[in-house]
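Topology and contacts: notes
Spelled out, the chains give:
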Amino acid sequence: MIELFDTHCHLDDEKFDEDREAAYERLRARGVTRAVCVGSDLRTSESSLRFAQTHEGVWAACGVHPHEAAAAPEDYLDKLRAISREEKIVAIGEIGLDYYYDLSPRDVQRRVLNEQLDLACELDLPAIFHIRDAHGDMLDIFRARSVLPRGIIHCFSGSRETALEYVRMGFYISFSGPVTFKKAPNLQAAAQAVPPERLLIETDSPYLAPEPVRGRRNEPANVYYVCEKLAALRGMTMEETAALTAENGCRIYGLPFSCEKRETIV
Ligand code: NI
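Per chain, the residues get numbers from 1 upward, laid out in the order the sequence is written. Reporting of local features is limited, given that this is a predicted model, to residues whose pLDDT is at least 70; pairs of side-chain atoms are given and counted only at 80 or more, and all residues count toward the totals for whole chains, interfaces and linings. Excluding hydrogens and water, the side-chain figures rest on all heavy atoms present in the structure.

**Some remarks on the overall build of the protein**
We apply this condition: Put simply, DSSP H or I for four residues or longer makes a helix, DSSP E for two residues or longer makes a strand, and each gets a number counted from the N terminus. For the radius of gyration, the atom set is restricted to C-alpha positions; the globular benchmark scales as 2.2 Å times the number of residues to the power 0.38. The buried label applies to any residue whose accessible area, calculated with a 1.4 Å probe on protein chains only, is under 20% of its type's maximum; exposed applies above 50%, and partly exposed to all values in between. Note on contacts: a residue pair is in contact if any heavy atoms of the two residues lie within 4.5 Å. Where accessible areas are quoted, they stem from the Shrake-Rupley method and a 1.4 Å probe; at the residue level, only the protein chains shown are allowed to cover. Note that His is not counted, nor are the chain ends; the positive residues are Lys and Arg, and the negative ones are Asp and Glu. Charge placement uses NZ in Lys and CZ in Arg. For Asp and Glu, CG and CD serve respectively.
Regarding its fold elements, the protein presents ten helices and eight strands. Computed over its C-alpha atoms, the radius of gyration of the protein comes to 17 Å, within 12% of the 18 Å expected for a compact globule of 266 residues. Considered along the principal axes of its C-alpha atoms, the protein spans approximately 50 × 40 × 40 Å. Counting over 266 residues, the protein shows a buried share of 58%. Residue pairs at least 24 apart in sequence account for 72% of intrachain contacts in the protein once pairs closer than 6 positions are excluded. Of the roughly 11800 Å² of accessible surface on the protein, a fraction of 49% belongs to carbon and sulfur atoms. Of the side chains in the protein, 32 bear a positive and 43 a negative charge, and the two mean positions are spaced by 4 Å.

Here's what the structure looks like:
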């Protein structure tokens with residue numbers, strides 16, 4: 001059976017209040033042996049951690065999303081530092097810039113991003129980046145820093161050239177539902193161009209359901225369809241793509257990886 005890694009989901013979200021345990025059972029049944037539940041403020045960082053602590057194969061990330069940047073309490077960095085000491089925390093995230101919704105003033109988004117970049121470096125944890133309509137500023141911020149954490153460009157939404165620019169800076173590129181959409185030639189070109197060792201898959205569930213379940217509430221089991229699309233785009237088998245992206249996910253999040261099939265080949 002294939003082993004899939006959903007590197008970014010929000011199973012603690014209220015949209016799963018009715019059937020959270022059933023959604024967890026479905027992901028296990030679909031071969032999703034690993035998932036990372038990602039926070040977007042202090043409350044969801046804690047609920048993501050709680051979910052991870054009570055479910056096998058689930059880890060968590062803590063961070064303040066650009067939407068929530070203006071609402072972050074003054075001591076949010078101390079709170080994140082405390083949460084991050086828990087064993088199941090594997091990253092700082094999600095953090096970044098969102099100039100599409102602009103729910104926090106842009107200067108506040110940039111300050112909170114930079115503070116959490118420092119925190120990720122201090123704690124030696126990878127960062128998970130949410131970037132919407134802000135690649136220019138994000139690249140400028142990365143270039144201006146003397147040290148960068150390891151990290152993931154989550155739910156990547158740019159061009160092939162932008163993806164490769166992030167790759168040159170050492171980041172992983174994660175694809176989600178939109179790569180499966182019919183009218184996504186630029187995103188699909190990016191998915192073909194990312195070097196194999198930097199490729200990740202995710203659902204960002206409950207958002208962004210892939211084809212053929214587009215428009216419904218998304219859930220981690222659907223990472224299967226993202227994997228299937230990437231396999232087709234890159235001329236690989238489903239098994240190879242699942243193993244590759246799971247191994248990459250384990251590497252960036254610092255989790256052990258073993259795949260029985262590979263060991264027998266070696
Ligand atoms: Ni997310």
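Moving on from the coordinates now.
**Description of helix α9 (residues 238-253)**
To be explicit about the condition: What a helix is expected to span follows from its residue count: subtract one and scale by 1.5 Å.
Its 16 residues give α9 an end-to-end C-alpha distance of 22 Å, which sits within 8% of 22 Å, the value for a rise of 1.5 Å per residue. Burial within α9 is extensive, with twelve of its 16 residues counted as buried. For α9, every residue scored as buried is listed here: Met238, Thr241, Ala242, Ala243, Leu244, Thr245, Ala246, Asn248, Gly249, Cys250, Ile252 and Tyr253. Gly254 occupies a position one or two residues after α9 and carries a positive phi of about 70 degrees.

**What to know about the nonpolar core**
Condition: Remark: nonpolar core denotes a set of buried residues (Ala, Val, Leu, Ile, Met, Phe, Trp, Tyr, Cys) joined through side-chain atoms within 4.5 Å.
Ranked by size, the top nonpolar core spans 68 residues in total, and within it Leu4, Phe129, Ile153, Phe156, Tyr166 and Phe175 carry the most contacts. A per-element tally of this core places helix α4 (residues 106-123) first, with six residues. Apart from residues lying up to four places away in sequence, Phe129 is in contact with Ile95, Leu113, Leu117, Met138, Phe142, Gly151, Ile152, Ile153, His154 and Phe171. Core analysis: the next-biggest nonpolar cluster, separate from the first, contains 16 residues, Val36, Val90, Cys250 and Leu255 among them.

**A closer look at the pattern of salt bridges**
Put simply, the rule is: Each reported salt bridge corresponds to a side-chain nitrogen of Lys or Arg within 4 Å of a carboxyl oxygen of Asp or Glu.
All chains considered together, the criterion is met by 20 salt bridges. Linking Lys79 and Asp75 is a salt bridge whose minimum nitrogen-to-oxygen distance equals 2.9 Å. The exposure class assigned to Lys79 is partly exposed, which follows from its relative accessible area of 39%. Classification of Asp75 as partly exposed rests on a relative accessible area of 31%. One continuous salt-bridge network, built from bridges that share partners, spans Asp19, Arg26, Arg217 and Glu219.

**Observations concerning the packing of aromatic side chains**
Each aromatic ring pair is summarised here by two numbers: the centre-to-centre distance and the angle between the ring planes. We count it as follows: Working definition: rings of Phe, Tyr and Trp (its six-membered ring) pair if their centres are within 6.5 Å, and the pair is stacked with planes under 30 degrees apart, edge-to-face with planes over 60 apart, and tilted otherwise. Only when the NZ of Lys or the CZ of Arg is both within 6 Å of the ring centre and within 35 degrees of the ring normal is a charge said to sit over the ring.
Summed over the entire model, instances satisfying the criterion amount to ten aromatic pairs. Between the aromatic rings of Phe5 and Tyr253, the centroid separation amounts to 6.0 Å while the plane-to-plane angle is 40 degrees, which identifies the pairing as tilted. Of this pair, Phe5 sits in strand β1 (residues 4-9) while Tyr253 is found in helix α9, placing the two residues 248 residues apart along the sequence. By relative accessible area, Phe5 is classed as buried at 0%. Geometrically, the ring pair formed by Tyr100 and Tyr101 is edge-to-face, given 4.8 Å between the ring centres and 90 degrees between the ring planes. Counting every residue linked through ring pairs, the aromatic cluster contains Phe129, Phe142, Phe156, Tyr166, Phe171 and Phe175. It is Arg30 that lies over the ring of Tyr225; its NZ or CZ is 5.2 Å from the centre. The ring of Trp59 has Lys88 lying over it, and the distance from NZ or CZ to the ring centre is 5.4 Å.

**Some words on the coordination of the nickel ion**
Rules: Water is not among the atoms examined, so metal sites may look incomplete; donors are the N, O and S atoms within 2.8 Å of the metal, or within 3.2 Å for Na, K and Ca. Geometry is assigned from the angles between donors: four donors with all angles from 85 to 135 degrees make a tetrahedral site, four or six donors whose opposite pairs exceed 155 degrees while the rest stay between 65 and 115 make square planar or octahedral sites respectively, and everything else is labelled irregular.
Bound to the nickel ion are the protein donor atoms His8 (NE2), His10 (NE2), Glu94 (OE) and Asp204 (OD), situated 2.2 to 2.3 Å from the metal. Seen from the nickel ion, its four donor atoms lie at angles of 87 to 175 degrees, and the figure they make is irregular. Each donor residue of the nickel ion belongs to the same chain, and together they define the spacing H-x1-H-x83-E-x109-D. Here the residue Glu94 occupies a position in strand β4 (residues 89-98), and Asp204 occupies one in the loop between β8 (199-201) and α8 (223-234), the gap between them amounting to 110 residues. Considered together, Glu94 and Asp204 belong to a single accessibility category, that of buried residues.

**Quick look at the pairing of strand β3 (residues 58-62)**
Moving residue by residue along a regular strand, the side chains alternate between the two faces of the sheet. Our working definition: Any two strands with at least two DSSP-identified bridges between them are counted as paired.
Of all five residues in β3, five are buried; the element is thus mostly enclosed. Burial of β3 is two-sided: the residues Val58, Ala60 and Cys62 facing one way and the residues Trp59 and Ala61 facing the other way are all buried. Relative to β3, strand β2 (residues 32-38) is paired through four bridges, and the arrangement is parallel. Of the residues in β3, the one forming a bridge with Val38 is Ala61. Bridge analysis of β3 against β4 gives three bridges, and the strand direction is parallel. Counted as the bridge partner of Cys62 is Ile92 from β4.

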